[in-house]
Amino acid sequence: VIERQSAARAEVLALAHDKAETTDGVRIEVAANIATASDAAEAVKLGAESVGLLRTELLFLERETAPSQAEQRAAYQAVIDGLEGKSAIIRTLDVGADKSLPYIPMPEEENPALGLRGIRLCIARQALLVEQLRAILAVQPLSAVKIMLPMVVDASEIVATRVVLDRLTAEMGIAGRVELGVMIETPSAAILADQLAQEADFFSVGTNDLTQYALCMDRTNPALAARVDGLHPAVLRLLAQAAQGAASHGKWLGVCGAMASDPVAVPLLIGLGVTELSVSPAVIPEI
């Protein structure tokens, strides 16, 4: 068994830097989910075509004060430098719920998974969003960067963020328009995908949260672990709706949740219209 596994691993590693394409000629971008510059280097080594999700929370957690704009910019720049010319989608701060910050006082919530988190928190505490967007806009080359918003439920949140982003772009003397995408991880975002696609430049599905919210099952509850299934028909219907909404306005749909790293789920995702899979670096060669 060990020999077979080693041989299979060697086989996928040999092909890891080839373009991913279906037998009928559809190009699928295989990207990486990362958090640090060292993750970026590892992803490139294993064949990532880009970074489909840069989690920025690590910079903000387990500290008593918020990271400065300069500190954030240096961290994002280190990632871009490590990607050797490839692009990265930087997700804005996704905290709240179970990830609290001591320097952002928030009231106790009875149900934090449905509370002030993701883009809701950043719009409510706009200084956080402004600092982070300024840091991202200072990265060179800016053409290698896209921005993505977590926990979006309707188009108003994209519009509100775009207003801030356009103002900062003008203030910093930046020509051109940075792409702004959204996570599809709430059922409302999937259902309203055709409306979101009028404002967003791309979509990426967070299948872990989408599954938990669609099935009303806490994904951290061990008693429900066997039933929190991304292949549930309800979740697949939401994915299909998101894909149709994206296509109706010529926008692309990716998946950065755990389903993208599952070889069983990947054919279904591609069949539904997904053209980008952002996965854990270790599984890039296999996917």
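Residues numbered from 1 in each chain as written. Predicted model: local features only at pLDDT ≥ 70, side-chain atom pairs only at ≥ 80, totals over all residues. Heavy atoms only, no water.

Details of helix 10 (residues 233-247)
Helical periodicity: at 3.6 residues per turn, an α-helix aligns residues three or four positions apart in one direction. Taking 1.5 Å of rise per residue, the 15 residues of helix 10 would be expected to cover 21 Å, and the 21 Å separating its terminal C-alpha atoms lies within 8% of that figure. By the burial criterion, the buried members of helix 10 are Val-235, Leu-236, Leu-238, Leu-239, Ala-240, Ala-242, Ala-243, Gly-245 and Ala-246. (Helix = DSSP H or I, 4+ residues; strand = E, 2+ residues; numbered from the N terminus. Expected span 1.5 Å × (residues − 1). Buried < 20%, exposed > 50% of the residue type's maximum accessible area, 1.4 Å probe, protein only.)

Overview of the nonpolar core
Grouped together as the largest cluster of nonpolar side chains are 79 residues, with contacts concentrated most on Tyr-76, Ile-184, Leu-196 and Phe-203. Contact partners of Phe-203, with chain neighbours within four places excluded, come to Val-182, Ile-184, Ala-193, Leu-196, Ala-197, Ala-242, Ala-246, Trp-252, Leu-253 and Gly-254. (Core = buried A, V, L, I, M, F, W, Y, C linked by side-chain atoms within 4.5 Å. Contact = heavy atoms within 4.5 Å.)

Things to note about the pairing of strand 6 (residues 202-205)
Residues Phe-202 and Ser-204 point to one face of strand 6 and Phe-203 and Val-205 to the other, with burial holding for every one of them. Strand direction decides the pairing type here: strand 5 (residues 180-184) and strand 6, joined by three bridges, are parallel. Pairing of Val-182 across the sheet is with Phe-203, part of strand 6. Note: strand 6 against strand 7 (residues 252-255), four bridges, orientation parallel. Bridging from a neighbouring strand, Ser-204 pairs with Gly-254 of strand 7. (Pairing = 2+ DSSP bridges.)

Re the environment of Thr-56
By secondary structure assignment, the location of Thr-56 is in the loop between strand 2 (51-54) and helix 3 (69-82). Sequence separation of Thr-56 and Asp-94 is 38 residues, and the distance between their C-alpha atoms is 7.6 Å. With sequence-adjacent residues up to four places away left out, Thr-56 is seen in contact with Tyr-76, Ile-90, Arg-91, Thr-92, Leu-93 and Gln-132.

Some details on the pairing of strand 5
The side chains of a regular strand alternate between both faces of the sheet. Burial runs high along strand 5: five of the five residues are buried. Looking at chain direction, strand 4 (residues 145-149) and strand 5 are connected through three bridges and run parallel. When the bridges of strand 5 are listed, Met-148 appears paired with Gly-181. As for the winding sense of the linkage, the β-α-β connection from strand 4 through helix 6 (residues 155-171) to strand 5 is right-handed. (Right-handed = clockwise from strand over helix to strand, strands pointing away.)

Description of the sheet that holds strand 5
Judged by pairing direction, the barrel is parallel, and its eight strands sit side by side in the order 1-2-3-4-5-6-7-8 before closing back on the first. Each neighbouring strand pair of the sheet contributes to a mean axis angle of 30°, computed without reference to strand direction. Against the sheet, helix 10 contacts strand 5, strand 6 and strand 7, and its axis sits at roughly 150° relative to strand 7. (Axes fitted to C-alpha atoms, helices over the stretch in contact; angles between N-to-C directions.)

A short note on the packing of helix 3 against helix 5 (residues 126-137)
Their axes nearest at 8 Å, the elements helix 3 and helix 5 cross at an angle of 45°. In this view, helix 3 runs oblique relative to helix 5, as classed from their interaxial angle. Where helix 3 crosses over helix 5, the handedness of that crossing is right-handed. Of the residues in helix 5, those in contact with Gln-69, Gln-72, Arg-73 and Tyr-76 of helix 3 are Glu-131, Gln-132, Arg-134, Ala-135 and Ile-136. Looking at side-chain class alone, the contact of helix 3 with helix 5 contains three nonpolar, three polar and three charged residues. (Parallel < 35°, antiparallel > 145°, perpendicular 65-115°, else oblique. Left-handed = near helix turned anticlockwise from the far one by under 90°. Nonpolar A, V, L, I, M, F, W, Y, C, P; charged D, E, K, R; others polar.)

Details of the pattern of salt bridges
Enumeration according to the criterion identifies 13 salt bridges in this entry. With a closest N to O distance of 3.0 Å, Glu-57 and Arg-91 form a salt bridge. Residue Glu-57 is located in the loop between strand 2 and helix 3, and its partner Arg-91 is located in strand 3 (residues 88-91); the two are separated by 34 residues in the primary sequence. Here Glu-171 makes a salt bridge to Arg-167, at a shortest N to O gap of 3.3 Å. One end of the pair, Glu-171, and the other, Arg-167, are both in helix 6, four residues apart, so they sit about a helical turn from each other. Salt bridges sharing partners connect three or more residues here, namely Glu-57, Arg-91, Asp-94, Arg-117, Asp-209 and Arg-219. (Salt bridge = Lys/Arg side-chain N within 4 Å of Asp/Glu carboxyl O.)

Taken by themselves, the reported measurements are silent on function.
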